[in-house]
Amino acid sequence: MSACTENSEKIADLKDNPFMEESTLPYYAPDFTKIKNEHFKPAFLEGMRQQTEAINLIASNTEEPTFENTVLAIEKSNELLGRVSRVFSALTGANTNDELQEVQSFLAPLLSAQNDAIYLNDALFQRIKTLHEKKSELNLDAESLKLLENYYENFEIAGANLSEPDKEKLKELNARLATLSTTFNKTLLDANNAGAVIITDKSELAGLSESQISSMKSKDEDSWKISLLNTTQQPLLQSLENRETREKLFKAAWYRADGSAHDTEAIITEIAELRAQKGKLLGFSNFAEWSLQKTMAKNPATVMDLFSGLVAAGTKKAQEESDAIQKMVEEKGENFKVEPWDWNYYSEMVRKAKFDLDEDQIKPYFELTSVLENGVFYAAEKLYGITFKKRTDIPTYHEDVVVYELFEENGEPLGLFYGDFFARESKRGGAWMSSFVSQSRLYDKKPVIYNVCNYPKPANGEPALLTFDEVGTTFHEFGHALHGFFADQMYPSLSGTSVARDFVEFPSQFNENWALYPEILKNYAKHYETGEQIPQELINKIKNAGTFNQGYSITENLAASNLDMQWHTISPDLKIDDANKFEKEALNKTKLDVVHAVPPRYRSTYFAHIFGSGYAAGYYSYLWTEMLNHDAYNWFENNGGLTRANGQRFREMILSRGNTLDYESMYKAWRGSDPKIEPMLKARGLN
Ligand SMILES: [Zn+2]
């Protein structure tokens, strides 16, 4: 009886569930007038059920494997699951609530098990392997061949090619590594909380504003709490006048997970050792060799080459900056050697003396809608010929979200863009791009893409005025969007931004260049009250400030990136008995410890990117794509800059290609040579 009721409830659930059918809105845009919290869980469960059923059918098929009955069938197996996942991840990121968070925790282990069940399904892998072995006889077009190779490699990377006993070993390693990462994150969270600095004498907070101080005040006691952020340097170090408070805060951050009650040393050494063993089990000499296979850099040696091209120039500049700070210390009548906790405080004085850039002076020229429509969209129109029309009839998940429709130069529809720009409680921090519908010719779908940012929301009726950093973010995120809009793939899993980690930030960083391009700037940077264009003097200040403190910034980044590579290139037989000693030696042998007052952006013991989430052996990606960005922009500068022809060529050869070509050869074909490091050094003022 109860089972029967449950069943009919389930059927009713799914019958009214908006995810069960394609949306009837333009571009299959999600219909937020129908989607409710309670729809997600049943749609996910049904989506997983459908996928499992499809995968089992493929794996147990008695017919000879063909591209259609195997590769294409896998590609099509997650239609419902993909549809509900995309909307779910958009909402849990940008507009979450308790109910959605509960569903999220409920689903996480199920989805990871679903993934394992596919990638460790031997019958399924054997069919792909058979096809892969005779791939040249299959008469596949280039993209279909790439799809086959991509699946084969993903299975191989997941360990499908191992013997049964080795597969068991791999599962054990993966399980232990997952547990260790969870423990690391939990310990680090505790370390961050316990590391907060408690101040009982208000005078120690001199230099902070009254509102900063009152936000730190504890409710019942006469004390103030400075919470720790993830990085080594803490934002308040820029303003705290009391040198002892600065030292206390810096050391709290530096030692939070080293020698404290929440020490992570044993966890990270075990993670590094087990990862090395995993690399070996999968046939590589270390973890990074295995993990970098499908990236643009391809192997750790190429990454180390990039580092060594930057270290000398970066640390030389950092030393000059350190000297300037030392001079400032002495000019202030102080007598001490500059330490890491002094850097931001005195460099802020150097910055004011040298650049005198006041954000309040420039913000009136950067009103959000003008930045978006007359800057970001205008640049895309000039380069790629596309046009934009505001749509007020498309339902959104929040009243702040704006929607535009994009058109090709010949008027053909191109896709939908959602902009969700303002911070709110239900949104996580940062800025990102993703899609509700990804482009694919297989399903005859055009992209529906969104950008999410966290700009402060102005009071009712007031304009949203951006800092120049935020202007850069708006261009950046739309660069990702363009990569998605120009995608021209048959298969969704190869489409648009589904590319390697060390390539995905290239189109977005590249798009930032147009923010300061004279013709674009002239079109959008106008005073929101008077309409007056931003004065040249302010533009110069913005440009000059771009090279400020770059020695510090690149050295701290290189130090962290290098630690990541060192931890992930250890030999599988190495036993590390002292994580701190390992860290010291790693920095020493790469000469990243030569400027005393420049510590790594993250120390190993609190480097959550690499020990707590998915960036192991991947932190270098930020520097790598920065190199690509400046090298690419250098090509534009040498070839006429912002022209329709240049844009078209970049669109055809890079932005429209998704994950269908080898990144290195694709870049080289467009650029005419391999990427060089010099334009990046120049842009950072390090040459
Ligand atoms: Zn990005």
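Just so it is clear, the structure is predicted and the values come from calculations on it, not from any experiment. (Residues numbered from 1 in each chain as written. Predicted model: local features only at pLDDT ≥ 70, side-chain atom pairs only at ≥ 80, totals over all residues. Heavy atoms only, no water.)

Undergrad: Would you take a moment to explain the coordination of the zinc ion for this structure?
TA: Within the protein, the atoms that donate to the zinc ion are His476 (NE2), His480 (NE2) and Glu505 (OE), at distances of 2.1 Å. Site description for the zinc ion: donor spacing in sequence, H-x3-H-x24-E. Of this pair, His480 sits in helix 17 (residues 468–485) while Glu505 sits in the loop between helix 18 (501–504) and helix 19 (506–512); the two residues are 25 residues apart in sequence, bridging distant segments of the chain. Exposure remark for His480: the relative accessible area of 7% places this residue in the buried category. (Donors = N, O, S within 2.8 Å, 3.2 Å for Na, K, Ca; no water. Helix = DSSP H or I, 4+ residues; strand = E, 2+ residues; numbered from the N terminus. Buried < 20%, exposed > 50% of the residue type's maximum accessible area, 1.4 Å probe, protein only.)

Undergrad: Please explain the pattern of salt bridges as it appears in this structure.
TA: When their charged atoms lie close together, side chains carrying opposite charge are able to pair. Summed over all chains, the structure comprises 41 salt bridges. Among the ionic pairs, Glu537 bridges to Lys541, the shortest N-O distance being 3.7 Å. Placement of the pair is Glu537 and Lys541 together in helix 21 (residues 536–545), with a separation of four residues, close to one helical turn. Residue classification places Lys541 among the buried residues on the basis of a relative accessible area of 15%. Shared partners join several salt bridges into a network, and the residues in it are Asp400, Asp420, Arg424, Lys427 and Lys457. (Salt bridge = Lys/Arg side-chain N within 4 Å of Asp/Glu carboxyl O.)

Undergrad: Even after reading the chapter, I still don't get a nonpolar patch on the surface, so can you show me in this structure?
TA: There is a patch of nonpolar side chains on the surface, built from Leu45, Phe106 and Leu110 and spanning about 220 Å² of accessible area. Judged by relative accessible area, Phe106 falls into the partly exposed class, the value being 35%. (Patch = residues over 30% accessible without salt bridge, like charges linked within 9 Å, V, L, I, M, F, W, Y side chains within 5 Å. Areas by Shrake-Rupley, 256 points an atom, 1.4 Å probe, with all protein chains shown as cover.)

Undergrad: Help me understand the nonpolar core in this model?
TA: Nonpolar side chains in soluble globular proteins generally cluster together in the buried interior. In terms of nonpolar packing, the biggest core is built from 140 residues, with Phe366, Phe475, Phe478, Trp514, Tyr524 and Trp567 touching the most fellow members. In terms of residues, this core owes the most to one element, helix 16 (residues 368–384), which gives ten residues. With sequence-adjacent residues up to four places away left out, Phe366 is seen in contact with Val371, Ala464, Leu465, Leu466, Phe468, Val471, Tyr524, Ala525, Ile534 and Ile542. Judged by nonpolar contacts, the second largest core, of 32 residues, contains Phe44, Val84, Leu107 and Val401. (Core = buried A, V, L, I, M, F, W, Y, C linked by side-chain atoms within 4.5 Å. Contact = heavy atoms within 4.5 Å.)

Undergrad: Hey, could you run me through the packing of aromatic side chains in this one?
TA: The relative placement of two aromatic rings is captured by the distance of their centres and the angle of their planes. Across all of its chains, the model carries 56 aromatic pairs by this definition. Ring plane angle 70° and centroid distance 5.2 Å describe the contact between Trp514 and Tyr517, whose orientation is recorded as edge-to-face. Classification of Trp514 by relative accessible area gives buried; the value is 0%. Tyr517 sits in the buried class, given a relative accessible area of 19%. Site record: aromatic cluster; members linked through ring pairs are Phe503, Phe506, Phe510, Trp514, Tyr517, Tyr633, Trp635, Phe636, Phe650, Tyr663, Tyr667 and Trp670. Directly above the ring of Tyr28 sits Lys445, whose terminal nitrogen or CZ lies 5.1 Å from the centroid. In this structure, Lys445 is placed above the aromatic ring of Tyr443, and the distance from its NZ or CZ to the ring centre is 5.4 Å. (Phe/Tyr/Trp six-rings, centres within 6.5 Å; stacked < 30°, edge-to-face > 60°. Lys NZ or Arg CZ within 6 Å of the ring centre and 35° of its normal.)

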